[in-house]
Amino acid sequence: MDVIDTDVFLVEMAFHSDPRRAVNREFLERVKESKPAITVYNLMELLGQMSFNLSPARLAGWRTWLLSTYHVKVIAPVDLDDPTATILFKAEFMDAPFAKMREHRMGYMDALALHLAEQTPDATSFVTWNAKHFKNKTTLAVYTPKEYLAR
Amino acid sequence: MALAQKKKKRAASKPRITRSKSARKLRVTYKQVLKNVRALSPADQARLRAELEKPRVYILEPDLSPEAVRRGQQLAEEIRKELAAKQTGTLEETMMELRGRSWMS
(Lines give C-alpha, C1' and ligand atoms only; values in the text may rest on other atoms or scores of the structure.)
Protein backbone atom coordinates (compact mmCIF):
# COMPACT_ATOMS: atom_id res chain seq x y z
CA MET A 1 0.00 0.00 0.00
CA ASP A 2 1.25 3.45 -0.92
CA VAL A 3 0.80 6.13 1.71
CA ILE A 4 0.48 9.67 0.35
CA ASP A 5 1.61 12.88 2.04
CA THR A 6 -0.54 16.00 2.38
CA ASP A 7 1.35 18.01 -0.24
CA VAL A 8 0.30 15.70 -3.10
CA PHE A 9 -3.38 16.37 -2.41
CA LEU A 10 -2.73 20.08 -1.90
CA VAL A 11 -1.18 20.30 -5.37
CA GLU A 12 -4.17 18.44 -6.81
CA MET A 13 -6.86 20.47 -5.08
CA ALA A 14 -5.40 23.92 -4.57
CA PHE A 15 -2.17 24.78 -6.39
CA HIS A 16 -3.26 24.80 -10.00
CA SER A 17 -0.30 26.69 -11.36
CA ASP A 18 2.29 24.50 -9.64
CA PRO A 19 4.77 23.14 -12.20
CA ARG A 20 4.41 19.65 -10.71
CA ARG A 21 0.66 19.50 -11.23
CA ALA A 22 0.63 17.35 -14.40
CA VAL A 23 2.94 14.74 -12.90
CA ASN A 24 1.00 14.94 -9.66
CA ARG A 25 -2.28 14.25 -11.49
CA GLU A 26 -0.72 11.37 -13.43
CA PHE A 27 0.54 9.87 -10.17
CA LEU A 28 -2.87 10.10 -8.50
CA GLU A 29 -4.52 8.48 -11.51
CA ARG A 30 -1.95 5.66 -11.55
CA VAL A 31 -1.92 4.97 -7.82
CA LYS A 32 -5.72 4.98 -7.67
CA GLU A 33 -5.81 1.45 -9.09
CA SER A 34 -4.02 0.04 -6.05
CA LYS A 35 -6.10 1.99 -3.51
CA PRO A 36 -3.51 4.15 -1.75
CA ALA A 37 -3.86 5.60 1.74
CA ILE A 38 -3.46 8.77 3.77
CA THR A 39 -2.90 8.85 7.51
CA VAL A 40 -5.61 10.49 9.58
CA TYR A 41 -3.04 13.11 10.64
CA ASN A 42 -2.28 14.09 7.04
CA LEU A 43 -6.01 14.10 6.31
CA MET A 44 -6.61 16.55 9.17
CA GLU A 45 -3.67 18.68 8.03
CA LEU A 46 -5.12 18.81 4.51
CA LEU A 47 -8.62 19.69 5.74
CA GLY A 48 -7.20 22.31 8.09
CA GLN A 49 -5.36 23.99 5.25
CA MET A 50 -8.41 23.82 2.98
CA SER A 51 -10.67 25.21 5.70
CA PHE A 52 -9.27 28.68 5.06
CA ASN A 53 -10.85 28.73 1.60
CA LEU A 54 -13.68 26.22 1.72
CA SER A 55 -17.12 26.30 3.32
CA PRO A 56 -17.70 24.00 6.34
CA ALA A 57 -20.31 22.06 4.35
CA ARG A 58 -17.88 21.39 1.52
CA LEU A 59 -15.16 20.43 3.97
CA ALA A 60 -17.45 17.92 5.71
CA GLY A 61 -17.88 15.94 2.50
CA TRP A 62 -14.27 14.69 2.48
CA ARG A 63 -15.28 11.05 2.40
CA THR A 64 -16.85 11.69 -0.98
CA TRP A 65 -14.66 14.28 -2.70
CA LEU A 66 -11.40 12.85 -1.40
CA LEU A 67 -11.80 9.14 -0.58
CA SER A 68 -14.26 8.10 -3.28
CA THR A 69 -12.69 10.25 -5.98
CA TYR A 70 -9.08 9.17 -5.44
CA HIS A 71 -9.89 5.69 -4.01
CA VAL A 72 -8.01 6.61 -0.87
CA LYS A 73 -8.16 4.71 2.42
CA VAL A 74 -7.56 6.41 5.76
CA ILE A 75 -5.11 4.88 8.23
CA ALA A 76 -6.01 5.64 11.84
CA PRO A 77 -4.99 4.42 15.29
CA VAL A 78 -8.68 3.90 16.15
CA ASP A 79 -11.82 2.87 14.29
CA LEU A 80 -13.01 6.21 12.91
CA ASP A 81 -16.61 5.02 12.76
CA ASP A 82 -16.65 3.97 16.40
CA PRO A 83 -17.89 6.94 18.47
CA THR A 84 -16.58 5.35 21.66
CA ALA A 85 -13.08 4.71 20.31
CA THR A 86 -10.35 5.57 22.75
CA ILE A 87 -6.62 5.74 22.41
CA LEU A 88 -3.61 5.55 24.66
CA PHE A 89 -2.72 9.20 24.40
CA LYS A 90 0.84 9.10 25.67
CA ALA A 91 1.96 6.19 23.48
CA GLU A 92 0.42 7.59 20.30
CA PHE A 93 0.91 11.34 20.67
CA MET A 94 4.07 11.53 22.75
CA ASP A 95 6.24 8.43 23.02
CA ALA A 96 6.17 7.24 19.41
CA PRO A 97 6.69 10.64 17.72
CA PHE A 98 9.28 11.66 20.31
CA ALA A 99 11.28 8.49 19.62
CA LYS A 100 11.27 9.40 15.93
CA MET A 101 12.31 13.00 16.66
CA ARG A 102 15.27 11.82 18.72
CA GLU A 103 16.35 9.22 16.22
CA HIS A 104 15.86 11.12 12.99
CA ARG A 105 15.43 14.81 13.83
CA MET A 106 12.01 15.44 12.42
CA GLY A 107 9.02 17.67 13.07
CA TYR A 108 6.06 16.52 15.13
CA MET A 109 3.62 16.17 12.21
CA ASP A 110 6.12 14.18 10.13
CA ALA A 111 6.83 11.91 13.08
CA LEU A 112 3.16 11.28 13.84
CA ALA A 113 2.23 10.44 10.25
CA LEU A 114 5.30 8.36 9.53
CA HIS A 115 4.94 6.32 12.70
CA LEU A 116 1.33 5.47 11.87
CA ALA A 117 2.18 4.59 8.26
CA GLU A 118 4.98 2.30 9.46
CA GLN A 119 2.59 0.45 11.78
CA THR A 120 0.27 -0.37 8.86
CA PRO A 121 0.94 -3.97 7.86
CA ASP A 122 0.43 -3.48 4.10
CA ALA A 123 2.18 -0.10 3.79
CA THR A 124 5.23 -0.28 1.54
CA SER A 125 5.93 3.28 0.47
CA PHE A 126 5.47 6.91 1.42
CA VAL A 127 4.95 9.37 -1.43
CA THR A 128 5.75 13.05 -0.91
CA TRP A 129 7.18 15.91 -2.91
CA ASN A 130 9.73 16.31 -0.15
CA ALA A 131 11.13 12.77 -0.45
CA LYS A 132 14.64 13.98 0.27
CA HIS A 133 13.66 14.86 3.80
CA PHE A 134 12.12 11.45 4.56
CA LYS A 135 14.63 9.12 2.93
CA ASN A 136 16.67 7.05 5.42
CA LYS A 137 14.31 8.07 8.21
CA THR A 138 11.72 5.36 7.75
CA THR A 139 11.34 1.67 7.08
CA LEU A 140 9.11 2.54 4.10
CA ALA A 141 10.37 3.21 0.59
CA VAL A 142 10.12 6.95 -0.09
CA TYR A 143 9.34 8.44 -3.50
CA THR A 144 8.27 11.70 -5.06
CA PRO A 145 5.27 11.22 -7.36
CA LYS A 146 7.71 11.62 -10.26
CA GLU A 147 10.01 8.90 -8.92
CA TYR A 148 7.01 6.69 -8.29
CA LEU A 149 5.90 6.95 -11.91
CA ALA A 150 9.43 6.25 -13.18
CA ARG A 151 9.78 2.97 -11.24
CA MET B 1 -53.83 -32.84 31.62
CA ALA B 2 -54.19 -29.12 31.52
CA LEU B 3 -52.12 -28.87 34.69
CA ALA B 4 -49.38 -31.04 33.16
CA GLN B 5 -49.30 -28.80 30.11
CA LYS B 6 -49.03 -25.74 32.29
CA LYS B 7 -46.13 -27.30 34.20
CA LYS B 8 -44.43 -28.16 30.90
CA LYS B 9 -44.84 -24.59 29.68
CA ARG B 10 -43.45 -23.22 32.91
CA ALA B 11 -40.47 -25.56 32.71
CA ALA B 12 -39.81 -24.56 29.10
CA SER B 13 -39.87 -20.91 29.97
CA LYS B 14 -37.48 -21.29 32.90
CA PRO B 15 -34.21 -21.68 30.96
CA ARG B 16 -34.94 -18.46 29.04
CA ILE B 17 -35.30 -16.57 32.29
CA THR B 18 -32.10 -18.15 33.64
CA ARG B 19 -30.13 -17.25 30.47
CA SER B 20 -31.36 -13.72 30.61
CA LYS B 21 -30.36 -13.40 34.27
CA SER B 22 -26.93 -14.93 33.68
CA ALA B 23 -26.39 -12.61 30.67
CA ARG B 24 -27.09 -9.64 32.92
CA LYS B 25 -24.65 -11.00 35.49
CA LEU B 26 -21.88 -11.21 32.83
CA ARG B 27 -21.97 -7.49 32.15
CA VAL B 28 -19.01 -5.84 33.83
CA THR B 29 -18.61 -2.20 34.60
CA TYR B 30 -15.55 -0.01 34.26
CA LYS B 31 -15.30 0.18 38.07
CA GLN B 32 -15.26 -3.61 38.37
CA VAL B 33 -12.58 -3.95 35.71
CA LEU B 34 -10.48 -1.25 37.35
CA LYS B 35 -10.83 -2.95 40.73
CA ASN B 36 -9.75 -6.26 39.20
CA VAL B 37 -6.81 -4.71 37.40
CA ARG B 38 -5.63 -3.09 40.61
CA ALA B 39 -5.81 -6.51 42.27
CA LEU B 40 -3.34 -7.92 39.74
CA SER B 41 0.33 -8.25 40.59
CA PRO B 42 2.59 -5.46 39.29
CA ALA B 43 4.03 -7.91 36.75
CA ASP B 44 0.58 -8.79 35.42
CA GLN B 45 -0.38 -5.12 35.33
CA ALA B 46 2.71 -4.48 33.23
CA ARG B 47 1.74 -7.37 30.92
CA LEU B 48 -1.73 -5.94 30.54
CA ARG B 49 -0.36 -2.48 29.75
CA ALA B 50 1.99 -3.95 27.14
CA GLU B 51 -0.95 -5.77 25.57
CA LEU B 52 -3.01 -2.58 25.43
CA GLU B 53 -0.10 -0.60 24.02
CA LYS B 54 0.39 -2.94 21.09
CA PRO B 55 -0.06 -0.82 17.98
CA ARG B 56 -3.41 -1.24 16.31
CA VAL B 57 -4.12 0.31 12.98
CA TYR B 58 -7.55 0.74 11.49
CA ILE B 59 -8.31 1.31 7.85
CA LEU B 60 -11.28 3.37 6.73
CA GLU B 61 -12.20 2.14 3.26
CA PRO B 62 -13.51 4.52 0.59
CA ASP B 63 -17.01 4.12 -0.77
CA LEU B 64 -16.33 3.03 -4.33
CA SER B 65 -19.90 2.54 -5.45
CA PRO B 66 -20.42 4.10 -8.90
CA GLU B 67 -22.76 6.69 -7.40
CA ALA B 68 -20.23 7.73 -4.69
CA VAL B 69 -17.36 7.92 -7.18
CA ARG B 70 -19.43 9.96 -9.64
CA ARG B 71 -20.58 12.33 -6.88
CA GLY B 72 -17.02 12.55 -5.51
CA GLN B 73 -15.54 13.46 -8.88
CA GLN B 74 -18.20 16.11 -9.38
CA LEU B 75 -17.58 17.61 -5.93
CA ALA B 76 -13.78 17.46 -6.33
CA GLU B 77 -14.06 19.34 -9.62
CA GLU B 78 -16.24 22.02 -8.02
CA ILE B 79 -13.82 22.35 -5.09
CA ARG B 80 -10.78 22.60 -7.37
CA LYS B 81 -12.49 25.43 -9.29
CA GLU B 82 -13.49 27.16 -6.05
CA LEU B 83 -9.96 26.94 -4.65
CA ALA B 84 -8.33 28.02 -7.91
CA ALA B 85 -9.98 31.40 -7.51
CA LYS B 86 -9.02 31.76 -3.83
CA GLN B 87 -5.66 30.09 -3.29
CA THR B 88 -2.72 32.39 -2.96
CA GLY B 89 0.96 31.65 -2.46
CA THR B 90 2.83 28.51 -3.42
CA LEU B 91 3.00 24.94 -2.20
CA GLU B 92 6.46 25.63 -0.77
CA GLU B 93 5.16 28.56 1.29
CA THR B 94 2.18 26.55 2.53
CA MET B 95 4.19 23.46 3.47
CA MET B 96 6.79 25.64 5.14
CA GLU B 97 4.04 27.12 7.31
CA LEU B 98 2.63 23.67 8.06
CA ARG B 99 5.86 21.77 8.68
CA GLY B 100 8.29 24.51 9.50
CA ARG B 101 11.00 23.90 6.94
CA SER B 102 11.72 24.29 3.23
CA TRP B 103 9.77 21.93 1.02
CA MET B 104 11.87 21.32 -2.07
CA SER B 105 13.05 17.86 -3.04
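The preceding data block contains the structure.
Thresholds, definitions, all that
Residues numbered from 1 in each chain as written. Chains lettered and ligands numbered in written order. Predicted model: local features only at pLDDT ≥ 70, side-chain atom pairs only at ≥ 80, totals over all residues. Helix = DSSP H or I, 4+ residues; strand = E, 2+ residues; numbered from the N terminus. Rg over C-alpha atoms; globule rule 2.2 N^0.38 Å. Axes fitted to C-alpha atoms, helices over the stretch in contact; angles between N-to-C directions. Parallel < 35°, antiparallel > 145°, perpendicular 65-115°, else oblique. Left-handed = near helix turned anticlockwise from the far one by under 90°. Contact = placed C-beta atoms within 7 Å. Nonpolar A, V, L, I, M, F, W, Y, C, P; charged D, E, K, R; others polar. Pairing = 2+ DSSP bridges.

Focus: the overall build of chain A
Phase 1: Within chain A, the regular secondary structure consists of nine helices and five strands.
Phase 2: When the elements of chain A are put in sequence order from the N terminus, they spell out β-α-α-β-α-α-α-β-α-α-β-α-β-α.
Phase 3: Against the globule reference of 15 Å for 151 residues, chain A gives a C-alpha radius of gyration of 15 Å, in line with a compact fold.
Phase 4: Overall, chain A is about 40 × 35 × 30 Å in size when its C-alpha atoms are taken along their principal axes.

A closer look at the packing of helix α1 (residues 6-13) of chain A against helix α2 (residues 21-32) of chain A
Relative placement of two packed helices is described by the angle separating their axes and the distance separating the axes.
Residues and elements named next belong to chain A.
Phase 1: At a minimum axis separation of 9 Å, α1 and α2 run at an interaxial angle of 110°. Classified by the angle between their axes, α1 and α2 sit roughly perpendicular to one another. Note on packing geometry: the crossing formed by α1 with α2 is left-handed. The residues of α2 that touch α1, namely those facing V8, V11 and E12, are R21, N24, R25 and L28.

Considerations on the interface of chain B and chain A
Phase 1: Counting residues at the interface gives 35 residues for chain B, matched by 43 residues for chain A.
Phase 2: Listing elements by their share of the side of chain B that touches chain A, those giving two or more residues are α3 (42-53), β1 (58-60), α4 (66-86) and α5 (91-99) of chain B.
Phase 3: Here the element with the most residues in the side of chain B that touches chain A is α4(B); it accounts for 13 residues.
Phase 4: Its residues assigned to classes, the side of chain B that touches chain A shows 19 nonpolar, seven polar and nine charged.
Phase 5: For strand β3 (residues 73-76) of chain A and β1(B), the ladder comprises three bridges, and the chain directions are antiparallel. Opposite V74(A), over in β1(B), you have L60(B) as the bridge partner.

Focus on the environment of M96(B)
Residues and elements named next belong to chain B.
Phase 1: Among the structural elements, M96 can be located in helix α5.
Phase 2: Residues M96 and A85, spaced eleven residues apart in sequence, show a C-alpha to C-alpha distance of 22 Å.
Phase 3: In this view, M96 contacts R101, S102 and W103; residues no more than four positions away in its chain are not counted.

Observations regarding the pairing of β3(A)
Phase 1: As judged from the three bridges shared by strand β2 (residues 37-39) of chain A and β3(A), these two strands associate in the parallel manner. Considered in β3(A), the bridge of T39(A) is made with I75(A).

Here's the deal with the packing of helix α5 (residues 62-70) of chain A against α4(B)
Phase 1: Here α5(A) crosses α4(B) at 115°, and the two axes come no closer than 7 Å. Between α5(A) and α4(B) lies a crossing whose hand is left-handed. Only A68(B), V69(B), R71(B), G72(B), Q73(B), L75(B), A76(B) and I79(B) of α4(B) make contact with α5(A), whose side of the interface consists of T64(A), W65(A), S68(A) and T69(A).

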